[in-house]
Amino acid sequence: MRYYLIAGEASGDLHASRLMRSLKTFDERAEFRFFGGEQMQQAGGTLVKHYRELAYMGFIPVLLHLPTILKNMRRCKADIVAWHPDVVILVDYPGFNLDIAAWLKRHTDIPVYYYIAPKIWAWKEYRIKNIKRDVAELFSILPFEVAFFEGKHHYPIHYVGNPTAQEVREYQSTHHAEQPLRPVIALLAGSRRQEIKDNLPAMIAATRHLSDRYDIVLAGAPGIEPSCYDRFLRGTAVRMVRNQTYDLLSTATAALVTSGTATLETAMFNVPQVVCYETPLPWLIGYLRRHLLKVRYVSLVNLIADREVVTELVADTFSVDNIRMQLEAILPGGAQRQVMLEGYRQVQQILGDSKAPDVAARQMIQLLTQNNKQ
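A few points on the structure. (Residues numbered from 1 in each chain as written. Predicted model: local features only at pLDDT ≥ 70, side-chain atom pairs only at ≥ 80, totals over all residues. Heavy atoms only, no water.)

1. Points about the packing of aromatic side chains
Here comes step 1: Counted by the stated rule, this structure contains 11 aromatic pairs.
Here comes step 2: Seen from their ring centres, Trp121 and Phe144 are 5.0 Å apart, and the 80 degrees between their planes marks the pair as edge-to-face. Here the residue Trp121 occupies a position in the loop between β5 (112-115) and α6 (128-134), and Phe144 occupies one in the loop between β6 (137-140) and α7 (145-152), the gap between them amounting to 23 residues.
Here comes step 3: Assessed through its relative accessible area of 6%, Trp121 is described here as buried. (Phe/Tyr/Trp six-rings, centres within 6.5 Å; stacked < 30°, edge-to-face > 60°. Helix = DSSP H or I, 4+ residues; strand = E, 2+ residues; numbered from the N terminus. Buried < 20%, exposed > 50% of the residue type's maximum accessible area, 1.4 Å probe, protein only.)

Structure, rendered in C-alpha cells:
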C-alpha cells in the first residue's frame, strides 16, 4: 500500500520513521512519500519537503512566514492528490496537519489517520469537532488521552503505547555508556529556533557557577544549524554535541529541559531534571495558565503521573535564580533527587513495555485492508 506521512518537527520525524519501519515489516509492498526529515529518509521513500521549512511557532513568526506556510500547504495538497496514497498519516504538528485533514475530507476520498494525537486536552479543545469530522482513525501514545477522547468526547481512539519509552529501552539494550571524566549537566533547549532563543541563555546562566565541577553539555537539535547556537555559546564553558542526545542523557547527572518529548526521554534515562519554558508576557501567561488552561502541567512526565514529579518553571516562575535553585536540589545530595527518581519509576510502570509503532502499524494495515474490501 501507499502511505503519505506528514511530520513537522524533529520528534515527529523520529516517531514517523519508526512507524514507517514497522509498516514495512508488516506490509512488504509499502511505499512512502512524506513531508519530514532525515530519520524518515533513512527509513526509505521520497522526501517532498523537509520539516525545517515548516517549523514556525508563535504568532509573529507564523505571520512573517505566512506566504511560505501557505505555499507549503498548497504543495502538500497537490502532491497528495497527484500520488493518491491509500492513506495519509499525520504525525502531531496540528496547526498544519489539521488543515490538511480538513481539505482532504472535503476534496478527496483518501482516509486520514492521525498518529500521535494533537494535544487539544491542553489548549484549543474546540478542535475536537474538526478531528471527529476529518480524521478517520486516531492513534494515541499517551494513556490519559483515552479518557479525554473516548470518555469526555465520545470519539473512539487507539491507544498503542508510548514510542519514546520503547526507543529509550532499545537504546539502553544496545549501548553501554562510558563514564565521563567529569559529571555532566545536560541542556536540552528545544527543537525550534524560538525555543532555543527563549530558554538557552537562562539555562547557561543558571549553570555557570557549576562549570568548575560539571561538564555543561548542550544537545544540539536536529535540523538546527550549529551557527544558530554560536551567539549563545560564545565565551561560555558550555560545549555542544549534535545527534547524540541519547548518548548525552545516558551519562548525565542532571538536566535542564524545555518542555516536550525531551522531558519524557530524560525521565526514561532516570536523569533528574528541571523543566524550563519561558513565554512572552510571563505574568499574564502565568495567570492564564493557573485559571484557564485545561491541564495543571506542561511536561509529559507530570501529565502521565497526574502529579508533580518534576519541577516546572514556566512563565512567571521562569527565572535564572529559580532554575539555579531547583537544579541544585536535584544534584547528588540534593533534597529532591531521590524523590524525583522514585516518581520516574511510577511513570515508567504506567507506560509499560508496548512496542507502539508495531501495534499502530498492525492496526493501520488491518483497518485499511478491511476498508479496501468493502
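2. Quick notes on the packing of helix α1 (residues 10-26) against helix α17 (residues 356-373)
Here comes step 1: Look at α1 against α17: their axes get within 8 Å of each other, and the N-to-C directions meet at 55 degrees. Considering their axes alone, α1 and α17 lie oblique with respect to each other. Read as a crossing pair, α1 and α17 show a hand that is right-handed. Here α1 contributes Arg18, Leu19, Ser22, Leu23 and Phe26 to the contact with α17, which in turn contributes Pro357, Asp358, Ala360, Ala361, Arg362, Met364 and Ile365. (Axes fitted to C-alpha atoms, helices over the stretch in contact; angles between N-to-C directions. Parallel < 35°, antiparallel > 145°, perpendicular 65-115°, else oblique. Left-handed = near helix turned anticlockwise from the far one by under 90°. Contact = heavy atoms within 4.5 Å.)

3. Side note on the pairing of strand β4 (residues 87-91)
Here comes step 1: With five of five residues buried, β4 lies mostly within the body of the structure.
Here comes step 2: Neither face of β4 is open: one carries Val87, Ile89 and Val91, the other Val88 and Leu90, and all of them are buried.
Here comes step 3: Sheet analysis places strand β1 (residues 2-7) next to β4, joined by five bridges and oriented parallel. Looking at β4, one finds that Tyr3 is bridged to Val87.
Here comes step 4: Examined bridge by bridge, β4 and β5 share four bridges and lie parallel to one another. For Ile89, the partnering residue across the bridge sits in β5 and is Tyr113. (Pairing = 2+ DSSP bridges.)

4. A word on helix α16 (residues 337-351)
Quick reminder: α-helices carry 3.6 residues per turn. Residues three or four places apart thus point the same way.
Here comes step 1: With 15 residues, α16 should reach 21 Å at 1.5 Å per residue; the first-to-last C-alpha distance of 22 Å fits that figure.
Here comes step 2: Of all the positions in α16, only Arg337, Met340, Leu341, Gly343, Tyr344, Val347 and Leu351 are classed as buried. Summarising the axial view, the buried residues of α16 lie within an arc of 160 degrees, below the 170-degree limit, and thus occupy one face.
Here comes step 3: Of the residues flanking the end of α16, it is Gly352, one or two places downstream, whose phi is positive at about 70 degrees. (Expected span 1.5 Å × (residues − 1). Arc of directions from axis to C-beta.)

5. What to know about α17
Here comes step 1: In this model, α17 (18 residues) spans 26 Å end to end at C-alpha, consistent with the 26 Å of a helix rising 1.5 Å per residue.
Here comes step 2: Residues of α17 that are buried: Ala356, Pro357, Ala360, Ala361, Met364, Ile365, Leu367 and Leu368. Across the axial projection of α17, the buried residues extend over an arc of 165 degrees, all falling on one side.

6. Overview of the state of the cysteines
Here comes step 1: In total, this model carries zero disulfides according to the counting rule given.
Here comes step 2: Not engaged in a disulfide, the cysteine Cys276 finds its nearest cysteine sulfur in Cys228; these two sulfurs lie 18 Å apart. (Disulfide = S-S within 2.5 Å.)

7. With respect to the sheet that holds strand β8 (residues 184-188)
Here comes step 1: Read across the open sheet, the six strands follow the order β10-β9-β8-β11-β12-β13; overall the sheet is parallel. Since the sheet does not close on itself, it has two edges, and those belong to β10 (239-242) and β13 (311-314), each with one partner. The average angle at which neighbouring strand axes cross in this sheet is 25 degrees, direction not considered.
Here comes step 2: Where β8 and strand β11 (residues 252-257) come together, five bridges link them in parallel fashion. Each residue of the ladder has a partner; that of Leu188, found in β11, is Val257.
Here comes step 3: Where helix α9 (residues 193-207) meets the sheet, it contacts β8, β9 (215-220), β11 and β12 (273-277), and its direction lies at approximately 160 degrees from that of β8.

The quantities given are spatial measurements derived from coordinates; they are silent on function.
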